[in-house]
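Architecture and fold: a report
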Amino acid sequence: MSQYFAIHPENPQPRLIVQAAEIIRAGGVAAYPTDSGYGLGCQIANKNALERIREIRRIDDKHHLTLVCKDLSELANYSRVDNAAFRMIKNNTPGPYTFILEASKEVPRRLMHPKKKTIGLRIPDHPITQALLSELGEPLMSTSLILPGEAEPMVEPWEIRDLLEHQLDLVIDGGYCGIESTTIVSLLDEVPEIIRKGSGDVSPFLF
């Protein structure tokens, strides 16, 4: 049965953030708030936790996973990004965007798209997520908390607990955080490609 932490969405309690990070470091799978709905997250290196997330979402290895990063320097460490793409990311983060980029050697192969060797990267604008990332000292392996057969991420933490308490180790209640998923932008080519239009404005990527 999962633990349930009610964390203030603007001023996260340090004690609870430390406890949440400890659960994740111990191999736990957490539901946590972002600036575009709730996500599922685990430690990058934990293969078993990743498989549990794939089972909850019913996704295969061709589904793009996301590394949720604290800032640009962390993002750049896990991707191969040219100057033009870096400027676009810098101008639009933190925010509700996921960028598809070529993965660097720092990314475990099991997290990459198996054929394209790409990875989704994101810098969210949410105090709880930022505090958790600071405490962890590394990105979260993450995916939107969209249940099989649904189109939008879950938005009610109590409902997440009711439905998934036996499949998760932690539910972080950060209150309401939007109903739209991130906007997904591929920066693999010279011209950006909008993969999915979500809560992030697409106009900065239209040429």
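Anything mentioned here points back to the structure above.
Observations regarding the packing of helix α1 (residues 14–25) against helix α5 (residues 127–136)
Where α1 contacts α5, the two axes come as close as 9 Å, and the packing angle between them is 60°. Between α1 and α5, the angle falls in the class oblique. In terms of crossing hand, the pair formed by α1 and α5 is right-handed. Counting all contacts with α1, which are made through Ile17, Val18, Ala20, Ala21, Ile24 and Arg25, the residues of α5 involved are Ile128, Ala131, Leu132, Glu135 and Leu136. Looking at the contact of α1 with α5 residue by residue, the class counts come to 9 nonpolar, no polar and 2 charged.

A short note on the state of the cysteines
Under the counting rule described, the total for this entry stands at 0 disulfides. With no disulfide of its own, Cys69 has Cys42 as its nearest cysteine by sulfur position, at a separation of 14 Å. Taking relative accessible area as the criterion, Cys69 reaches 0% and is therefore assigned buried. Note on Cys177: no disulfide assigned, nearest cysteine sulfur contributed by Cys42 at a separation of 19 Å.

Things to note about the nonpolar core
Within the largest apolar cluster, 42 residues are counted, with the highest numbers of intra-cluster contacts made by Leu67, Leu111, Leu145, Ile160 and Leu168. Excluding anything up to four places from it in sequence, Leu111 contacts Ile44, Leu50, Leu65, Leu67, Ile119 and Met141.

Focus: the pairing of strand β8 (residues 140–144)
With 4 of 5 residues buried, β8 lies mostly within the body of the structure. Looking at chain direction, strand β3 (residues 37–43) and β8 are connected through 5 bridges and run antiparallel. Looking at the pairing, Gln43 lines up with Leu140 of β8. With 3 bridges connecting them, strand β4 (residues 66–68) and β8 associate as antiparallel partners.

Digging into the environment of Asp169
Relative to the assigned elements, Asp169 resides in the loop between α6 (157–164) and β9 (170–173). What makes Asp169 partly exposed here is its relative accessible area of 27%. Once residues lying within four places of it in the same chain are set aside, the contact partners of Asp169 are Ser2, Gln3, Ile23, Gly27, Gly28, Val29 and Arg52. Looking at Asp169, its side chain comes within polar contact range of the side chain of Arg52, at 2.8 Å.

About the thresholds
- Numbers given to residues run from 1 along each chain, matching the order in which its sequence is written.
- pLDDT decides what is reported in this predicted model: residues at 70 or higher carry local features, side-chain atom pairs at 80 or more are listed and counted, and totals for whole chains, interfaces and linings draw on all residues regardless.
- Working from all heavy atoms in the structure, the side-chain values ignore hydrogens and water.
- Every angle, taken between N-to-C directions, lies between 0 and 180 degrees, and every axis is a line fitted to C-alpha atoms, over only the stretch in contact when it is a helix.
- Each helix is a run of H or I in the DSSP string that is no shorter than four residues. Each strand is a run of E no shorter than two, and both are numbered from the N terminus.
- Between 65 and 115 degrees an angle is taken as roughly perpendicular, under 35 as roughly parallel, over 145 as roughly antiparallel, and anywhere else as oblique.
- For any helix crossing, the convention is left-handed if the near helix is rotated counterclockwise from the far helix by under a right angle, and right-handed if that rotation is clockwise.
- Contacts are residue-level and defined by heavy atoms, with any inter-residue pair within 4.5 Å sufficient.
- Charged means Asp, Glu, Lys or Arg here, nonpolar means Ala, Val, Leu, Ile, Met, Phe, Trp, Tyr, Cys or Pro, and polar covers whatever is left, Gly included.
- A pair of sulfur atoms, both from cysteines and within 2.5 Å, is called a disulfide here.
- Whether a residue is buried, partly exposed or exposed follows from its accessible area with a 1.4 Å probe, protein chains only, as a fraction of its type maximum: under 20%, in between, or over 50%, in that order.
- Take the buried Ala, Val, Leu, Ile, Met, Phe, Trp, Tyr and Cys residues and link them wherever side-chain atoms come within 4.5 Å; each set so joined is a nonpolar core.
- Should DSSP find at least two bridges between two strands, the strands are regarded as paired.
- Here a polar contact is taken to be a pair of N or O atoms separated by no more than 3.5 Å, where protein atoms must pair a possible hydrogen donor with a possible acceptor and residues adjacent in sequence count only if both atoms sit in side chains.

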